[in-house]
Amino acid sequence: MKSTLLVTGASSGIGRLSAQSLAAAGHTVYASMRGVDGKNAARARELRDWSFARGLDLRVIELDVLSQASADAAIATIVREQGRLDVVMHNAGHLVVGPTEAFSPEEMMAAYDTNVLGAQRVNRAALPVLRAQQQGLLLWISSTTTRGGFPPFLGPYAAAKAAMDSIAVTMAAELARFNIETALIVPGAFTSGTDHFPNAGKPADQATADAYARYAGLMDQVGARLAALMPPEADPRAVADAVVRVVGLPHGQRPFRTVVDFLDDGAGAVTEVAERVRVEFAHRIGIADLLHPAVAGPGTAA
């Protein structure tokens, strides 16, 4: 069934690949990014040209997740043009790398602002629409760092992704009775195919970062080891494929978590246990109905 989707952070990487794959699957996709007429003008034009050449319905839209006004305006545009919004894909995020001590509280807050509060701004704009429809899907791009193994020097990023993941789980229950479904796609590490590490932020406090000189080369060492362990088929397009597959499933039948991890960092095993505990606890305290969207009311899909 054709859906209208918003993909945040679609200028590159998993967001861009997902937007293109969803459009190729026949959906109407709003690929959002900031600086559509500025820093990302070339990327926006490339996406528009790609869509036009294939006769697909992919539209680039301005959305800066750091601005509530920008999120409100983007959602208003989508609803004005389409009359509804079916799926919100929370993908916008920013990686930061360095000794955790070297990051100022303000720098750590900036990572949190993009990776966590950005999704909250989009939700504040989109959820009134989804609640009024009595149907929708929040699709969150999480990370295996929230439950699997990961190297040091990713502290602020991993903490922000864990916070986002936790909010997604909480909101899943809070939105179920509005017939709004939640699904999390959980990518593992990818050593190529994204701009994640090349564009990573670093702490401004170089003196403190330099104090960790005894760890010099560690991230390069880890990166080389990850690359050596990565199978040939490891490609971030697998994440986009998972997104398309989950979106295409019937409402109410989507898996809560889908792990896409070619290295097996342990997130899959932890997820299996954690999901069993989550479901069992919901039954024990009498809120099992919140484990799935309420398939009732107007707009319900089969």
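About the criteria used
- Residues numbered from 1 in each chain as written.
- Predicted model: local features only at pLDDT ≥ 70, side-chain atom pairs only at ≥ 80, totals over all residues.
- Heavy atoms only, no water.
- Pairing = 2+ DSSP bridges.
- Helix = DSSP H or I, 4+ residues; strand = E, 2+ residues; numbered from the N terminus.
- Axes fitted to C-alpha atoms, helices over the stretch in contact; angles between N-to-C directions.
- Contact = heavy atoms within 4.5 Å.
- Parallel < 35°, antiparallel > 145°, perpendicular 65-115°, else oblique.
- Left-handed = near helix turned anticlockwise from the far one by under 90°.
- Nonpolar A, V, L, I, M, F, W, Y, C, P; charged D, E, K, R; others polar.
- Polar contact = N/O pair within 3.5 Å; in protein donor to acceptor, adjacent residues only side chain to side chain.
- pLDDT = per-residue confidence, 0-100.
- Buried < 20%, exposed > 50% of the residue type's maximum accessible area, 1.4 Å probe, protein only.

A closer look at the sheet that holds strand 3 (residues 58–62)
Reasoning step 1: Spatial strand order, 3-2-1-4-5-6-7: 7 strands in an open sheet with parallel pairing. Each having just a single partner strand, strand 3 and strand 7 (257–260) make up the two edges of the open sheet. Looking at each pair of strands side by side, their axes are set apart by 20 degrees on average, direction ignored.
Reasoning step 2: Pairing analysis gives 4 bridges linking strand 1 (residues 4–7) to strand 2 (residues 28–33), with the strands arranged parallel. Note on strand 2: the bridge partner recorded for Val 7 is Ala 31.
Reasoning step 3: Relative to the sheet, helix 4 (residues 105–133) contacts strand 1, strand 4 (87–90), strand 5 (136–141) and strand 6 (180–187), its axis offset from that of strand 5 by approximately 165 degrees.
Reasoning step 4: Sheet strands touched by helix 5 (residues 155–176): strand 5, strand 6 and strand 7. Its angle to strand 5, the strand with the most contacts, is close to 165 degrees.

Structural notes on the packing of helix 3 (residues 68–82) against helix 4
The packing of two helices is summarised by the inter-axis angle and the distance between the axes.
Reasoning step 1: With their axes 8 Å apart at the nearest point, helix 3 and helix 4 run at an angle of 30 degrees to one another. The angle between helix 3 and helix 4 falls in the class roughly parallel. Where helix 3 crosses over helix 4, the handedness of that crossing is right-handed. Residues Gln 68, Ala 71, Asp 72, Ile 75 and Val 79 of helix 3 pack against Arg 121, Val 122, Arg 124, Ala 125, Ala 126 and Val 129 of helix 4.
Reasoning step 2: Of the residues assigned to the contact of helix 3 with helix 4, the class counts are 7 nonpolar, 1 polar and 3 charged.

Overview of unusual backbone geometry
Reasoning step 1: For Phe 153, which is not glycine, the phi torsion reads 70 degrees and is therefore positive.
Reasoning step 2: Inspection of the secondary structure puts Phe 153 in the loop between strand 5 and helix 5.
Reasoning step 3: At Asn 179, a position not held by glycine, the phi torsion is positive, near 65 degrees.
Reasoning step 4: Note that Asn 179 resides in the loop between helix 5 and strand 6.

Let's talk about the side chain of Asp 165
Reasoning step 1: In this structure, Asp 165 sits in helix 5.
Reasoning step 2: Only 2.6 Å separates the side chain of Asp 165 from the side chain of Arg 257, close enough to count as a polar contact.
Reasoning step 3: Those residues in contact with Asp 165 that sit more than four places away from it in its chain are Ser 142, Thr 146, Leu 184 and Arg 257.

Some words on the confidence of the model for the protein chain
Reasoning step 1: Here the protein chain averages 92 in pLDDT, while 95% of its residues score no lower than 70.
Reasoning step 2: This stretch, residues 296–302, has a pLDDT under 50; its non-local contacts, to residues over four places away or in other chains, come to 14 contacts.

Some points on the environment of Ala 282
Reasoning step 1: Here Ala 282 shows up in helix 9 (residues 267–284).
Reasoning step 2: Using a relative accessible area of 6% as the deciding quantity, one classes Ala 282 as buried.
Reasoning step 3: The sequence separation of Ala 282 and Ala 173 amounts to 109 residues, and the corresponding C-alpha distance is 9.7 Å.
Reasoning step 4: Contact partners of Ala 282, with chain neighbours within four places excluded, come to Ile 287, Ala 288 and Leu 291.

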